[in-house]
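A look at the structure
Listed below, chain by chain, are the residues.
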Amino acid sequence: MPLNLSYHLTRAARRHPDAPAILHGDVERSYAWLDDRVGRLAGALLALGLKPGDRVGLVVETEPRSIECLLAPLRAGLAIVPVNHRLHPAEHAFMLDDCGAQAVLCSASRVEPLLGVRDRMPALEHVVAMDGAGAGAPGVHDYEALIAAAAPVPDARVDTDTVSWIFYTSGTTGHPKGAVHTHRSLGAMVDAQIIDIWPNGRQERLGLVTPMSHAAGLLVFHHCAGGGAYVFPDFKRFEPESFYRMVERHRVTKVSLVPTMIQRLLDGPWPVPFDISSLQTVQYGGAPMYLEPLKRALDRFGPIFVNVYAQGEAPLACTVMPREEHVGPDAATRLGSVGRECHGVEVAIVDGDDRPVAPGEAGEIVVRGDLVMTGYWNAPEANAETLRNGWLHTGDVGYLDADGYLFLTDRVKDMIIRGGTNIYPREIEEVLHRHPAVEKAAVFGVADLEWGEQVVAAIVLRSGATAADGDLVAWCRDSISAFKTPSAFHFLPELPTSGYGKILKRDLRARLYPDG
């Protein structure tokens, strides 16, 4: 029987209760304090009437209570559904309704927007709001009051099939799909992290500067197992000076950054008037990391970088390029890869008939292992397409060299990765096609040094209709997040199509952006 993921905290608190768990500005909290808070929040959720297996949405910012929100539902035997707090309320509503979330833990800034779309979530009974937000609204409970009134509970017993985390990843159908993970699959992820990726122990201090709904949240479990401290930023926007100041103040040893953040550090002043010598590991991934910026980062910061290849369906990670392999005689060729398969994971390349291909030959990347999701929530057709012959079909194209290093060369799907966040064009196209002036729309990504990729759109207007960039930007922002809204619109008389009527985005990209 697998262990409840929250047991990593229980064990750490028993072994060294006075060790620092939370560092945030002038605040320091111990593992015993954190364990008590998590136990009480777990008890409070059960007292609301939630039952094991019920889903709890998390719409929380990256701050100390976000760890409580991750661990407490798991301790109670509930499943967590973390969603990016920066998404549009309509996007939150779709995901929470899709999984039938009965409760949501919510940062104060997101309570009113969420209540504004509450009618779209008929299963949602409880909103646990931070900092007094939404007081007096039906079904809204004060976060701190619930914790103060509850008695702590122990870790619920779980089995192989107990759902732990439903990870929503955008889909080519225009709607996100919920990748279902169990305590076993994320436990396998923790093993891979500890063995292959991250240093572990009480001396480690993990800086959390990305959304807890993604990599930052997934790192909580392995770090807790080692008893290290979590360092939370006291800034809202990631800027070089603020980041370096945090590293110096709290002696941060490791951090996960998307390439956009690394680029921002490279664009900032150097040298810096801060002691950042404690920083020993920077994990990067989630978006293309171009070779020249990576070389500049190695020159500036030294061999502290670790590259990972992962998906929401197989999280952190399928392959890893460790720090030591970023330097040395073979680095020139291997820096273009995402490393070799992690502990407990198999990676292979197959052709269109799912047959293995030879080293150096490109095909679809497939993976298998305990960390792979059990399937998508309520999506049998997507499961049949993605989980075939015992392998997760990633939709990415790449090749393995003779030594087992994986190189990404393309994507089967049209996913855009901007600043480490996955964006699927179909979702944006659906919004654009609802505009009365738009006849056709094709959305695709183009290379961008800072963000990895930018979102752009090619538009064919209806006969006699007019629309300007500003009109379409405003239209998009009524339905989707700002970061998904195209940064450029190209108005064309027609879009290139195949003989079957499919829009040829590669031809479109080459025509509009011939230099890449």
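The numbering scheme is per chain: residues are counted from 1 as the chain's sequence reads. Two thresholds apply to this predicted model, a pLDDT of at least 70 for residue-level local features and 80 or more for giving and counting side-chain atom pairs, whereas whole-chain, interface and lining totals are computed over all residues. Excluded from the side-chain calculations are hydrogens and water; all other atoms, namely the structure's heavy atoms, are used.

1. Quick look at the overall build of the chain
Per the secondary structure count, the chain includes 17 helices and 27 strands. For the chain, the C-alpha radius of gyration of 23 Å lies close to 24 Å, the compact-globule estimate for 516 residues. By its C-alpha atoms, the chain is 65 × 60 × 50 Å across when sized along the principal axes. When a residue's accessible area, from a 1.4 Å probe over protein chains only, is under 20% of the maximum for its type it is buried; when over 50% it is exposed; and in between it is partly exposed. Expressed as a percentage of its 516 residues, the buried residues of the chain come to 58%. Contacts were defined at the residue level, with two residues in contact if any of their heavy atoms lie within 4.5 Å. Sequence separation of at least 24 residues holds for 66% of the intrachain contacts in the chain that already meet a minimum separation of 6. Every accessible area reported is derived by Shrake-Rupley at a probe size of 1.4 Å, with residue values counting cover from the shown protein chains alone. As presented, the chain carries roughly 21100 Å² of accessible surface, and 50% of it is formed by carbon and sulfur atoms. Lys and Arg are tallied as positive, Asp and Glu as negative. Neither His nor the chain termini are counted. Lys charges are placed at NZ, Arg charges at CZ, Asp charges at CG and Glu charges at CD. With 49 positive and 64 negative side-chain charges, the chain shows a separation of 2 Å between the mean positions of the two kinds. Segments assigned H or I by DSSP are reported as helices when at least four residues long, segments assigned E as strands when at least two residues long, and all are numbered from the N terminus. We compute the radius of gyration from the C-alpha atoms alone; for a globule the expected value is 2.2 Å times N to the 0.38, where N is the number of residues.

2. Some thoughts on the nonpolar core
One recurring pattern in soluble globular proteins: nonpolar side chains tend to sit buried together. Within the largest apolar cluster, 82 residues are counted, with the highest numbers of intra-cluster contacts made by Tyr31, Ile67, Phe221, Tyr230 and Val367. Top contributing element to this core by residue count: helix 2 (residues 31-47), with seven residues. Excluding its chain neighbours within four sequence positions, the residues that come into contact with isoleucine 67 are Ile22, Leu34, Leu208, Met212, Val220, Tyr230 and Phe232. Only buried residues count toward a nonpolar core, which is a set of Ala, Val, Leu, Ile, Met, Phe, Trp, Tyr and Cys residues joined through side-chain atoms within 4.5 Å.

3. Describing unusual backbone geometry
The residue after tryptophan 270, namely proline 271, is reached through a cis peptide bond having omega 0°. Assignment of secondary structure puts proline 271 in the loop between helix 11 (259-267) and strand 13 (281-284). Each neighbour pair has its own omega, and for leucine 316 with alanine 317 the value is 15°, a cis peptide bond. Relative to the assigned elements, alanine 317 resides in strand 15 (residues 314-321). Following the sequence through the fold, leucine 316 ends up in strand 15. With relative accessibility at 7%, the residue leucine 316 sits in the buried group. With a phi close to 55°, asparagine 389 is a non-glycine residue in the positive phi region. One can find asparagine 389 in the loop between strand 20 (387-388) and strand 21 (391-400). Note on asparagine 389: relative accessible area 62%, which makes it exposed.

4. Thoughts on the packing of aromatic side chains
Pairing of aromatic rings covers Phe, Tyr and the six-membered ring of Trp, with a centre-to-centre limit of 6.5 Å; geometry is then stacked below 30 degrees between planes, edge-to-face above 60, and tilted otherwise. Enumeration over the complete set of coordinates arrives at 10 aromatic pairs. Centroid distance phenylalanine 243 to tyrosine 244: 5.9 Å. Interplanar angle 55°. Geometry classified as tilted. Looking at phenylalanine 243, the relative accessible area reads 1%, which means it is buried. Among the residues examined, tyrosine 244 registers a relative accessible area of 1% and is labelled buried. Pairing phenylalanine 444 with tyrosine 513 gives two aromatic rings, centres 6.4 Å apart and planes at 75°, and the pair type is edge-to-face. Note that phenylalanine 444 is positioned in strand 25 (residues 438-448) and tyrosine 513 in the segment after helix 17 (505-512), a separation of 69 residues in sequence. The exposure class of phenylalanine 444 is buried, given its relative accessible area of 1%. Members of the aromatic cluster, connected to one another through ring pairs, are Phe238, Phe243, Tyr244, Trp270, Tyr284, Phe301 and Phe305. Either the NZ atom of lysine or the CZ atom of arginine qualifies as a charge over a ring when it sits within 6 Å of the ring centre and within 35 degrees of the ring normal. Between arginine 65 and the ring centre of tyrosine 143, over which it is positioned, the NZ or CZ distance is 5.9 Å. Here the guanidinium or amino end of arginine 418 rests over the ring plane of tryptophan 451, the centre of that ring lying 4.3 Å away.

5. A few points about the pattern of salt bridges
Opposite charge on two side chains allows them to pair when their charged atoms are near. Salt bridges are counted wherever a side-chain nitrogen of Lys or Arg sits within 4 Å of a carboxyl oxygen of Asp or Glu. Counted under the stated rule, the structure contains 27 salt bridges. Between lysine 484 and glutamate 427 there is a salt bridge whose closest N-O contact spans 3.1 Å. Of this pair, lysine 484 sits in the loop between helix 16 (469-477) and strand 27 (488-491) while glutamate 427 is found in helix 15 (residues 425-433), placing the two residues 57 residues apart along the sequence. Take lysine 484: its relative accessible area is 4%, and that puts it in the buried class.

6. Remarks on the sheet that holds strand 16 (residues 340-341)
Here nine strands make up an open sheet; going across it, the order is 2-1-11-10-12-13-14-15-16 and the pairing mixed. Taken across any chain shown, the strands that pair with only one partner, and hence form the sheet edges, are strand 2 (27-30) and strand 16. Note that strand 10 (residues 205-207) and strand 12 (residues 254-257) share two bridges and pair parallel. By the bridge assignment, glycine 207 is partnered in strand 12 with valine 255. Lines fitted to C-alpha atoms define the axes, with helix axes restricted to the stretch in contact, and inter-axis angles between N-to-C directions lie between 0 and 180 degrees. Along the sheet, helix 10 (residues 240-250) contacts strand 1 (20-24), strand 10, strand 11 (229-232) and strand 12; its crossing angle with strand 11, the most-contacted strand, is approximately 145°. Two strands pair if DSSP finds at least two bridges between them.

7. So, empty space enclosed by the protein
Definitions used throughout: a 1 Å grid over protein atoms alone; a cavity as a set of points that fits a 1.4 Å probe which cannot get out; a pocket as an open set with protein on both sides within 12 Å along at least five of seven lines; a lining residue as one with an atom within 4 Å of a point. Grid points are joined across faces, edges and corners, and a volume is the space filled by probe spheres set on the points. Enumeration over the complete set of coordinates arrives at three cavities of 30 Å³ or more. For the second largest cavity, the calculated volume is near 50 Å³. Around the second largest cavity, the lining residues are Phe243, Tyr244, Leu257, Ile262, Leu265, Leu279, Val282, Phe301, Ile304 and Phe305. The set of elements that each furnish at least two residues to the lining of the second largest cavity consists of helix 10 and helix 11. Any residue outside Ala, Val, Leu, Ile, Met, Phe, Trp, Tyr, Cys, Pro, Asp, Glu, Lys and Arg is labelled polar, Gly included; the first ten of those are nonpolar and the last four are charged. For the lining of the second largest cavity, the per-class residue count stands at 10 nonpolar, no polar and no charged.

8. Quick notes on the environment of phenylalanine 221
Position of phenylalanine 221 among the secondary structure elements: in helix 9 (residues 220-226). Looking at phenylalanine 221, the relative accessible area reads 1%, which means it is buried. The contacts of phenylalanine 221, once residues within four sequence positions are left out, are Leu5, His8, Leu71, Leu74, Trp165, Leu186, Met189 and Val190.

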